[in-house]
Amino acid sequence: MCVSSLRTSSGRTIKISLGCVSESQFRDVLGKIHAEIERRQHYILKSAERAATIKEIYTPLHQHVYYLQESFLAPEFLQLVKYCTSTDATMEGLMNLIQTEAAPRVFRFPVFRKEFCKDFIEELEHFEQSDAPKGRPNTMNNYGILLNELGFDETFITPLREVYLHPLTALLYSDYGGSCLDSHKAFVVKYAMREDLDLSYHYDNAEVTLNVSLGKDFTEGNLFFGDMRQVPLSETECVEVEHHVTEGLLHRGQHMHGALPISSGTRWNLIIWMRASRERNKLCPMCGKRPTLVESGGFSDGFTMDPDDTSSTFSCSLT
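This one's a predicted model, so the numbers in the text were calculated from it and none came from an experiment.

K.L.:
Whenever I open this one, the layout of surface pockets confuses me. Can you help?
P.N.:
Rolling a probe over the atoms, with the probe sized like a water molecule, indicates the empty space that remains. Of the pockets and cavities examined, the second largest pocket occupies roughly 270 Å³. If you trace the second largest pocket, you find 16 residues lining it, with Y176, E207, Q254, L283 and P285 closest to the centre. Both of domain 1 (61–275) and domain 2 (283–319) provide at least three residues apiece to the lining of the second largest pocket.

K.L.:
Is there a simple way to think about the sheet that holds strand β13 (residues 255–259) in this case?
P.N.:
In a beta sheet, neighbouring strands are held together by backbone hydrogen bonds and run either parallel or antiparallel to one another. Spatial ordering of the open sheet is given by β7-β13-β10-β11, a layout of four strands whose pairing is antiparallel. In the strand order of this sheet, the two ends are held by β7 (199–202) and β11 (239–241), each with one partner. Each strand of the sheet is rotated relative to its neighbour by a mean of 25 degrees, with strand direction disregarded. As paired elements, strand β10 (residues 223–228) and β13 share four bridges and run antiparallel to each other.

K.L.:
In this structure, what is going on with the packing of aromatic side chains? I would like to understand it.
P.N.:
Each aromatic ring pair is summarised here by two numbers: the centre-to-centre distance and the angle between the ring planes. On inspection of all chains with the given rule, the structure shows 16 aromatic pairs. Between Y58 and F127 the ring centres are 5.2 Å apart and the planes differ by 85 degrees, which places this aromatic pair in the edge-to-face class. In this pair, Y58 is assigned in the loop between α2 (43–57) and α3 (75–84) and F127 in helix α5 (residues 114–128), connecting sequence segments 69 residues apart. In this structure, Y58 and F127 share a single accessibility class: buried. Judged by centre distance (6.5 Å) and plane angle (25 degrees), the ring pair of F72 and F156 falls under stacked. One end of the pair, F72, is in the loop between α2 and α3; the other, F156, is in helix α7 (residues 153–172), and 84 residues separate them in sequence.

Calculation criteria
Residues numbered from 1 in each chain as written. Predicted model: local features only at pLDDT ≥ 70, side-chain atom pairs only at ≥ 80, totals over all residues. Heavy atoms only, no water. 1 Å grid on protein atoms, 1.4 Å probe; cavity = no way out; pocket = protein on both sides within 12 Å on 5 of 7 lines; lining within 4 Å. Points joined across faces, edges and corners; volume = space filled by probe spheres on them. Domains from an automatic or database assignment. Pairing = 2+ DSSP bridges. Helix = DSSP H or I, 4+ residues; strand = E, 2+ residues; numbered from the N terminus. Axes fitted to C-alpha atoms, helices over the stretch in contact; angles between N-to-C directions. Phe/Tyr/Trp six-rings, centres within 6.5 Å; stacked < 30°, edge-to-face > 60°. Buried < 20%, exposed > 50% of the residue type's maximum accessible area, 1.4 Å probe, protein only.

Written out as structure tokens, the structure is:
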């Protein structure tokens with residue numbers, strides 16, 4: 001692979017692979033692309049089959065964590081939501097309450113209480129150790145869980161997005177669809193020794209992303225943020241951001257970022273890719289073109305044929 005480097009504000013050098021330098025590397029990458037195309041063509045059916053099997057054979061350890069309760073949420077987060085839903089809420093006022101990072105338009109705040117994070121991880125580990133089928137969370141992470149297949153979407157993630165996150169995103173990211181987020185993809189990713197240690201530089205299939213550190217005990221593994229994906233690597237300097245347990249980092253989906261390696265322990269993160277069909281219907285955030293839509297199921301990739309009708313969902317056939 002051809003390798004380039006990024007430097008962070010702390011002086012750390014991050015190596016980034018840019019392409020193939022040999023025929024064998026090219027064939028290897030091409031094989032992975034064909035396998036990914038095949039996976040995506042059958043994804044909706046396979047995901048539905050896994051969800052049905054999980055519902056039939058899996059017995060949860062902590063049933064209560066599947067139903068969002070305000071008692072799960074950090075008081076600081078509830079204070080932010082209360083302010084953002086008030087009639088006199090302004091961006092300036094919110095900036096006095098929320099913690100900003102050196103990376104532009106990246107915001108930090110506690111999301112959950114520690115007690116919930118403990119129970120949630122115990123539930124995830126219980127499922128991980130079960131015989132129930134498991135789908136890979138995305139194309140980059142090898143270890144994790146798709147939360148819609150486990151049954152978290154309707155009773156946990158959707159109300160979290162609609163009731164609690166929407167007031168914040170509407171103020172913080174109105175120019176990126178933050179006021180009209182109408183779907184999501186939610187999953188957890190796991191980093192551990194002898195498994196995934198880090199995550200390469202990338203952008204998300206989302207208008208706005210929430211990344212919450214759930215635990216457990218780990219060292220290092222800072223996140224790093226560059227610029228928006230349209231900015232060349234040669235013009236980019238990255239900023240490292242510490243990620244503390246219970247805290248969420250909120251950022252634009254097209255903001256390039258990655259995760260540095262953990263050096264010990266196990267780390268679980270909750271990722272919610274929040275999507276606005278009014279934005280992505282005009283321009284696919286992944287291929288950068290006007291989407292060619294194919295009918296799909298669930299929230300799919302967040303596209304709709306009619307911006308006022310979100311009951312039918314679509315994917316972009318170009319991605």
